[in-house]
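What follows is the residue order along each chain.
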Amino acid sequence: MNKTSLLLVTLFCISCSFFVGYYFGRNLSVQEMGDFKNSLQVSLRLHGNTLDVEKSHSDIRVIVDGKELMGTGNIEMRK
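1. Points about the overall build of the protein
Logical step 1: Across its full length, the protein carries one helix and five strands.
Logical step 2: Reading the protein from its N end, one meets helices and strands in the order α-β-β-β-β-β.
Logical step 3: In terms of overall size, the protein is more extended than a compact globule, its C-alpha atoms giving a radius of gyration of 25 Å where 79 residues would be expected to give roughly 12 Å.
Logical step 4: Oriented by its inertia axes, the alpha-carbon framework of the protein measures out at about 80 × 25 × 20 Å.
Logical step 5: Put simply, the protein has 79 residues, and 11% of those count as buried.
Logical step 6: Summarising the internal contacts of the protein: among those between residues at least 6 apart in sequence, 18% fall at separations of at least 24.
Logical step 7: Accessible surface computed for the protein: about 7,000 Å², of which carbon and sulfur atoms make up 61%.
Logical step 8: Put simply, the protein has 9 plus and 8 minus side-chain charges, and the middle of one group is 8 Å from the middle of the other.

2. With respect to a nonpolar patch on the surface
Logical step 1: Together, Leu7, Leu11 and Ile14 make up a nonpolar patch on the protein surface, roughly 290 Å² of accessible area in all.
Logical step 2: Inspection of the secondary structure assignment puts Leu7 in helix H1 (residues 3-39).

3. Here we look at the sheet that holds strand E1 (residues 42-47)
Logical step 1: In space, the three strands of this open sheet follow the order E1-E2-E5, with antiparallel pairing throughout. One side of each edge strand has no neighbouring strand; the edge strands of this open sheet are E1 and strand E5 (73-76). Across the sheet, the axes of successive neighbouring strands diverge by a mean angle of 25°, strand direction being ignored.
Logical step 2: Sheet topology places strand E2 (residues 50-55) next to E5; four bridges connect them, and they run antiparallel.

4. Some points on the nonpolar core
Logical step 1: Ranked by size, the top nonpolar core spans seven residues in total: Leu51, Val53, Ile60, Val62, Val64, Leu69 and Ile75.
Logical step 2: Residue assignment for this core shows that the elements contributing at least two residues are E2 and strand E3 (62-64).
Logical step 3: With sequence-adjacent residues up to four places away left out, Ile60 is seen in contact with Leu40, Gln41, Val42 and Lys55.

Procedures and definitions
Residues numbered from 1 in each chain as written. Predicted model: local features only at pLDDT ≥ 70, side-chain atom pairs only at ≥ 80, totals over all residues. Heavy atoms only, no water. Helix = DSSP H or I, 4+ residues; strand = E, 2+ residues; numbered from the N terminus. Rg over C-alpha atoms; globule rule 2.2 N^0.38 Å. Buried < 20%, exposed > 50% of the residue type's maximum accessible area, 1.4 Å probe, protein only. Contact = heavy atoms within 4.5 Å. Areas by Shrake-Rupley, 256 points an atom, 1.4 Å probe, with all protein chains shown as cover. Lys, Arg positive; Asp, Glu negative; His and termini not counted. Charge placed at Lys NZ, Arg CZ, Asp CG, Glu CD. Patch = residues over 30% accessible without salt bridge, like charges linked within 9 Å, V, L, I, M, F, W, Y side chains within 5 Å. Salt bridge = Lys/Arg side-chain N within 4 Å of Asp/Glu carboxyl O. Pairing = 2+ DSSP bridges. Axes fitted to C-alpha atoms, helices over the stretch in contact; angles between N-to-C directions. Core = buried A, V, L, I, M, F, W, Y, C linked by side-chain atoms within 4.5 Å.

Such coordinate-based values are descriptive only and should not be taken to indicate function.
Structure, rendered in structure tokens:
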């Protein structure tokens with residue numbers, strides 16, 4: 001095996017390992033973001049002029065009409 005073919009095989013292996021690592025790394029980060037999105041959610045329901053807010057975690061900040069909602073509950077909206 002001459003030096004040129006050895007160089008080509010080496011470059012091929014390096015490029016394959018890069019793309020395989022990129023594909024699996026990207027797949028893991030997309031999956032982690034999906035899990036993060038599902039674990040931290042805010043549910044909003046509007047009934048007339050009342051807004052029901054439910055948070056999945058207490059550290060989530062919800063700002064409605066310039067005021068921060070401290071917990072889960074109802075907010076009466078002006079029309």
